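Here is what each chain is made of, one letter per residue.
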Amino acid sequence: MKVGVIGLGAMGAYMAMNFNKAGHLHRIWNRTAQKAEALAEQTGVEVAENPSALAGTCELILICVSRDTDVLEMVEQIAAGVRPGIIVVDTSTVSSETATKAASLLAGKGGSFLDCPVSGGVEGAKNAALAMMVGGDEAVLERARDTLASIASNIVYIGPTGSGQACKAVNQLMAAGINQAVTEALSFGEAMGLNMDNVIDVVSTGAAGNWFLSHRGKSMLAGSYAPGFKLALHHKDLTICQSMLQKFPGTSLPILEMTLVHYQRLMDQGFGDEDISALYRLKKIQLQG
Ligand code: NAP
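Residues numbered from 1 in each chain as written. Predicted model: local features only at pLDDT ≥ 70, side-chain atom pairs only at ≥ 80, totals over all residues. Heavy atoms only, no water.

(A) Local environment of the site of the ligand. The local shell around the ligand holds 27 residues, among which Ala10, Asn30, Thr32, Lys35 and Lys230 are the closest. In this structure, Leu8 approaches the ligand through a main-chain N or O atom, which is 3.2 Å from an oxygen atom. Within the side chain of Asn30, one N or O atom sits 2.7 Å away from an oxygen atom of the ligand. Taking 900 Å² as the accessible area of the ligand by itself, protein coverage stands at 91%. Elements with a contribution of two residues or more to the shell around the ligand: helix H4 (68–81), helix H6 (121–126) and helix H11 (231–245). Viewed by domain, the shell around the ligand spans two of them, domain 1 (3–160) and domain 2 (166–288), each represented by three or more residues. (Near = heavy atom within 4 Å. Polar contact = N/O pair within 3.5 Å; in protein donor to acceptor, adjacent residues only side chain to side chain. Areas by Shrake-Rupley, 256 points an atom, 1.4 Å probe, with all protein chains shown as cover. Helix = DSSP H or I, 4+ residues; strand = E, 2+ residues; numbered from the N terminus. Domains from an automatic or database assignment.)

(B) Quick look at the pairing of strand E4 (residues 60–63). Of the two faces of E4, the one carrying Leu60 and Leu62 and the one carrying Ile61 and Ile63 are both buried. In the sheet, strand E1 (residues 3–6) pairs with E4 via four bridges, with the strands oriented parallel. The residue bridging Val3 from the neighbouring strand is Leu60, located in E4. In the sheet, E4 pairs with strand E5 (residues 87–90) via four bridges, with the strands oriented parallel. The residue bridging Ile61 from the neighbouring strand is Val88, located in E5. Handedness of the E4-H4-E5 crossover: right-handed. (Buried < 20%, exposed > 50% of the residue type's maximum accessible area, 1.4 Å probe, protein only. Pairing = 2+ DSSP bridges. Right-handed = clockwise from strand over helix to strand, strands pointing away.)

(C) Spatial organisation of the environment of Thr57. Structurally, the position occupied by Thr57 is in the loop between helix H3 (51–55) and E4. Taking the C-alpha atoms as reference points, Thr57 and Gln172, separated by 115 residues in sequence, lie 34 Å from one another.

(D) Expanded view of the domain arrangement of the protein. The assigned domain composition of the protein is domain 1 (3–160) and domain 2 (166–288). Computed from C-alpha coordinates alone, the two centres of domain 1 and domain 2 are separated by 28 Å. Of the roughly 1200 Å² buried between domain 1 and domain 2, counting both surfaces, carbon and sulfur atoms make up 58%. For the domain 1 face of the interface with domain 2, the top three residues by lost area are Arg67, Thr93 and Glu123, together amounting to 36%. Taken together, the links from domain 1 to domain 2 amount to one salt bridge. For the salt bridge of Glu123 with Arg216, the shortest nitrogen-to-oxygen distance reads 2.7 Å. For the pair domain 1 and domain 2, the interface holds four residue pairs in polar contact (both at pLDDT 80 or more). Breaking the side of domain 1 that touches domain 2 down by element, the ones donating at least two residues are helix H5 (96–107), strand E7 (118–119) and H6. Looking at the side of domain 1 that touches domain 2, the element that brings in the most residues is H6, giving three residues. Considering only residue class, the side of domain 1 that touches domain 2 consists of seven nonpolar, seven polar and four charged. (Buried area = accessible area lost by both parts, 1.4 Å probe. Salt bridge = Lys/Arg side-chain N within 4 Å of Asp/Glu carboxyl O. Nonpolar A, V, L, I, M, F, W, Y, C, P; charged D, E, K, R; others polar.)

This is how it looks when you write it as structure tokens:
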């Protein structure tokens, strides 16, 4: 399939490179033109003039931008240039409502929309090893599956439009709890004066082992919080979870509430563009203070 990629940030650039490796990449576009030009030089693929022009020449368009409004802006522009039969795959993390709006914008033009948020971090994007949770028409997914397999090693159909994003909300809430647990426990270990390299090496292989500990444990202890996954983006995801929770009055999710407060504090201090492991900054201060 001829693939176009819109949004060449930390995740999108790697996904575009993997489509290119598999021979699918046809056009790219990014709001900041230099990023698109750099990737064009690397891949030999043309930069589209705008998202509408990209839509006119591609069979599958993958979007990977930051927030709900950004996705809708891109889909509106795609819809202006779309050819019937095109499949638009949104890998951004946004709300289920945004997925529904995007699908209806395209349906009027003969295009199909799949909400396909991903998990696995920049490492997963780089290694074409993402987990992809899909909402939309299952038959459309089956048309796109082989192409999407160039960027994702596990593609799971969840249900109708919006279900992929609902699944991602579950993932993001779980990631918040894991971040809380790992940063707090590592801070505790450091306060006890343990050799933390050894602690991470052994704990990672036992029952408390997890992706975040293995990939971010040592870097956070070294005081390095380069993204990765920007803290402000995870904060955005948790506000999506919070709005979904309004469907269940009287229910509270303590990890969600606590993490939103912690992230807001870090964002107010200017750390929003750091990796989510920057939560360690607060845990360290708490235990030592
Ligand atoms: P990023 O590095 O900050 O890249 C964001 C991309 O979105 C950039 O290409 C940016 O363009 C583009 N963008 C933002 N606003 C736009 C707008 N109004 N119009 C057009 N383009 C716009 O973010 P990322 O880490 O790749 O994350 C992208 C999405 O994937 C987010 O929804 C995030 O929650 C999700 N995600 C991230 C990870 C992760 O580990 N990083 C994992 C899974 C899912 P410019 O270059 O012009 O700024």
